[in-house]
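This is what each chain is made of:
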Amino acid sequence: MKNFKLPLLTYIVLLVLGLILQFSFNAYIQILILQILMYSIASMSLNLVNGFTGQFSLGHAGFMAVGAYTSAFLSQTFPAFLETTHLFGFFIFSLIAGLIASFFGYLVGLPSLRLKGDYLAIVTLGFGEILRVFLLNIEPLGAARGISGIIPYPELGFLDRFWVSFAYVSFWFLVCLVFLWRITRGRYGRQFMSVREDEVAALSLGLSTTQIKVSSFVIASFFAGVAGSLYAHLISIITPTVFGFMMSVNIVVMVVLGGMGSFSGSIIAAAFMTVMPEVLRSLQSVTGIDLRMILFSLSLILIMIFKPHGLLGEHELPYFLKKMRRKKV
Amino acid sequence: MTLLKAESLSIQFGGLKAVDKVSLEIEKGQLFGLIGPNGAGKTTFFNLLTGVYKPTEGKLFFDGQEITNVPTVSRSHLGIRRTFQNIRLFKGLTVLENALIAFDQNMSYSLFDSFLKSSKFHLQEKEAYDKALKLLTLFKLDLNKNDKASDLSYGAQRKLEIIRTLMSDPQLILLDEPAAGMNHSETAQLMDLIKKVRDDFKLTILLIEHDMKLVMGLCEQIAVLDHGNKIAQGRPDEVSRDPQVIEAYLGPDLDSGVTT
Ligand SMILES: Nc1ncnc2c1ncn2[C@@H]1O[C@H](COP(=O)(O)OP(=O)(O)OP(=O)(O)O)[C@@H](O)[C@H]1O
Ligand SMILES: [Mg+2]
């Protein structure tokens, strides 16, 4: 337990913060905050594949779809289980969602990770599209209607639904962050990066590059599945189109924008990508014309011009805080 | 005792016999030199030894065991490591990280040891760090340990590649022109170091080199390749007197500066 002091402390702070958010913000902002956390899980996990391991996956939304549909389907099938077990039941469903998504990750990854660069992007993109068309045609999963009325997270006494959702989503957010952070600071992080840097050299040093790529892919798919499960219960309605190509691209943009190899960068970019369209939406009511997509794209282009390696590059937030402190002294 | 044995090893690229029926035996503890003019097939021979290429003919034995069909990854685990003629460091990573990666096959902690920061994690990371620092110090790179590998000088990069081979306590290391791009004093230092490493770590070393003087002074046994064929083998003085070698390699119009 002593190795988890900081994460636990952070979690307690987050729980208190949740209380403040519960009383000081309206439902609209609250759901945005929950989405930021959910997308952070998706972008951090994709960063493991695209940033650390240097593979280009374009199908992350597909694995989220697997997780979302798993969790939604389970909760429609076993509603009584959720009623008696409360959050623990949701936890079990998220876990199963993640495991099934990671199984899909293994199936897709094993043959396709032998491919390089663009080819891998095409295969993963193909996976996302095949899955979408598949889901569109499966009647028990709602076909084009998708699944609606998915059971949301419960209220607990004076703690309203937002707080419980926030507590639950931040739990997974922290698990994802701490897990990815720690495994990338040690032999596994070095393995992932060695594949990114030079596969021939990695092989000559006894590292099984295929195995390393597949594990990175499987871990990322697990958290994508969890993120999908969170999405299902937060939004309560899922359709095959939601998890389409655009969502995959958005998550890739978060990774690139935040910085390849920087988890804190992915979080910041997830927040930016979630909040920015909403801010611009309110601007529209003033100007009367829809400049949203234009300004949004423009801001992305500007960032990539002035910060070609993403907002944080390959560094984490603490690196910049330390640098700032050193400057002040 | 024979550590490495190649039996009429061959590989053909299209119509080109890059390595043609080369047989070779390297004794345990030997410092063995492989020389030959440009395009003779030296690097290709290394690629056969490390499993990068599969031979079209012939067999390969290591430590009494046939390894002709053993993949590259496993050869590193068996104790064969190599450097690359066209340096292949992990350029974006630090000098220290480059060394640490090379220790990975000696580590056994799991993903969850990483996640839990278990004592096994700390123990093995420390072991790796100590080993890396020892070797970096030996090669006088310890002060550069936090530099990016790509920021090192050419010579230092070659040294770091040798450090990488040594991290896993291999039995045999293959060095492909380790002194290329170094000046005279750097080269002399490196050769002393190679000898020291061989003695201290009880290694067997196979070395490709262009600088003839250097191989002659360093190696106990030399084989000469030309157009994929082994044309001579023996002690340095024997090889340098061999008329076939003189013709193929040490010819009077060659500017390698070797007197015969
Ligand atoms: N993968 C390959 N495909 C086709 N031809 C190759 C390949 N690898 C090497 N060769 C050819 O095989 C021959 C031997 O090349 P090799 O690199 O082994 O020579 P070398 O002795 O290392 O030369 P150098 O001293 O210049 O490094 C050359 O003619 C080269 O063009
Ligand atoms: Mg060569």
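What you are looking at is a predicted structure, and each value in this text was computed from that prediction instead of being measured.

Could you clarify how one ought to interpret a positive patch on the surface in this entry?
A cluster of basic residues, Lys307, Lys322, Lys323, Arg325, Arg326, Lys327 and Lys328 of chain A, forms a positive patch at the surface. Mapped onto the fold, Arg325 of chain A is located in helix α14 (residues 317-328).

How should I be thinking about helix α12 (residues 263-287) of chain A in this particular structure?
The periodicity of an α-helix, 3.6 residues per turn, causes residues three or four places apart in sequence to face the same way. Residue and element names in this part refer to chain A. Over its 25 residues, α12 extends 36 Å from the first C-alpha to the last, a length consistent with the 36 Å expected when each residue adds 1.5 Å. Of all the bends in α12, the greatest, near 25 degrees, is centred on Val275, and the proline Pro277 appears no more than four residues after it. Those residues of α12 not exposed but buried are Phe263, Ser264, Gly265, Ser266, Ile267, Ala269, Ala270, Met273, Thr274, Pro277, Glu278 and Leu280. Measuring from the backbone nitrogen of Gly265 back to the side-chain oxygen at the start of α12 gives 3.0 Å, which picks out Ser262 as the cap. Of the residues one or two after α12, Gly288 is the one with positive phi, at around 85 degrees.

Explain the interface of chain A and chain B to me, please; I cannot follow it from the model alone.
Often, the extent of an interface is quoted as the loss of accessible area on bringing the components together. Across the contact, 28 residues belong to chain A and 33 residues belong to chain B. Overall, the association of chain A and chain B removes approximately 2700 Å² of surface from exposure, summing both partners, and the carbon and sulfur fraction of that is 64%. The three residues of chain A that bury the most area against chain B are Arg187, Arg190 and Leu205 of chain A, which together make up 27% of that side's buried surface. One can count four salt bridges joining chain A with chain B. One salt bridge in this structure joins Arg88 of chain B and Asp198 of chain A, with 2.8 Å as the shortest N-O distance. The interface formed by chain A and chain B includes 16 residue pairs in polar contact (both at pLDDT 80 or more). Of all the elements in the fold, those that place two or more residues in the side of chain A that touches chain B are α7 (161-183), α8 (187-197) and α9 (199-204) of chain A. Here the side of chain A that touches chain B gets eight residues from one element, more than from any other, and that element is α8 of chain A. In terms of residue class, the side of chain A that touches chain B is built from 13 nonpolar, seven polar and eight charged.

What should I look at first to understand the pairing of strand β8 (residues 204-208) of chain B in this one?
In the case of a regular strand, side chains alternate between the two sheet surfaces. All names here are of chain B. Burial within β8 is extensive, with five of its five residues counted as buried. With burial as the criterion, each face of β8 is covered, one bearing Thr204, Leu206 and Ile208 and the other bearing Ile205 and Leu207. Inspection of the sheet shows strand β3 (residues 31-35) paired to β8 by four bridges, in the parallel sense. The residue bridging Leu31 from the neighbouring strand is Ile205, located in β8. For strand β7 (residues 172-176) and β8, the ladder comprises five bridges, and the chain directions are parallel. Residue pairing for β8: Leu172 is matched across the bridge by Thr204. Between the parallel pair β7 and β8, the chain is carried across by helix α7 (residues 184-201), and the sense of this crossover is right-handed.

Basis of the calculations
- Residues numbered from 1 in each chain as written.
- Chains lettered and ligands numbered in written order.
- Predicted model: local features only at pLDDT ≥ 70, side-chain atom pairs only at ≥ 80, totals over all residues.
- Heavy atoms only, no water.
- Patch = residues over 30% accessible without salt bridge, like charges linked within 9 Å, V, L, I, M, F, W, Y side chains within 5 Å.
- Areas by Shrake-Rupley, 256 points an atom, 1.4 Å probe, with all protein chains shown as cover.
- Salt bridge = Lys/Arg side-chain N within 4 Å of Asp/Glu carboxyl O.
- Lys, Arg positive; Asp, Glu negative; His and termini not counted.
- Charge placed at Lys NZ, Arg CZ, Asp CG, Glu CD.
- Helix = DSSP H or I, 4+ residues; strand = E, 2+ residues; numbered from the N terminus.
- Expected span 1.5 Å × (residues − 1).
- Bend = angle between axes of the 7 residues up to and from the residue.
- Buried < 20%, exposed > 50% of the residue type's maximum accessible area, 1.4 Å probe, protein only.
- Polar contact = N/O pair within 3.5 Å; in protein donor to acceptor, adjacent residues only side chain to side chain.
- Contact = heavy atoms within 4.5 Å.
- Buried area = accessible area lost by both parts, 1.4 Å probe.
- Nonpolar A, V, L, I, M, F, W, Y, C, P; charged D, E, K, R; others polar.
- Pairing = 2+ DSSP bridges.
- Right-handed = clockwise from strand over helix to strand, strands pointing away.

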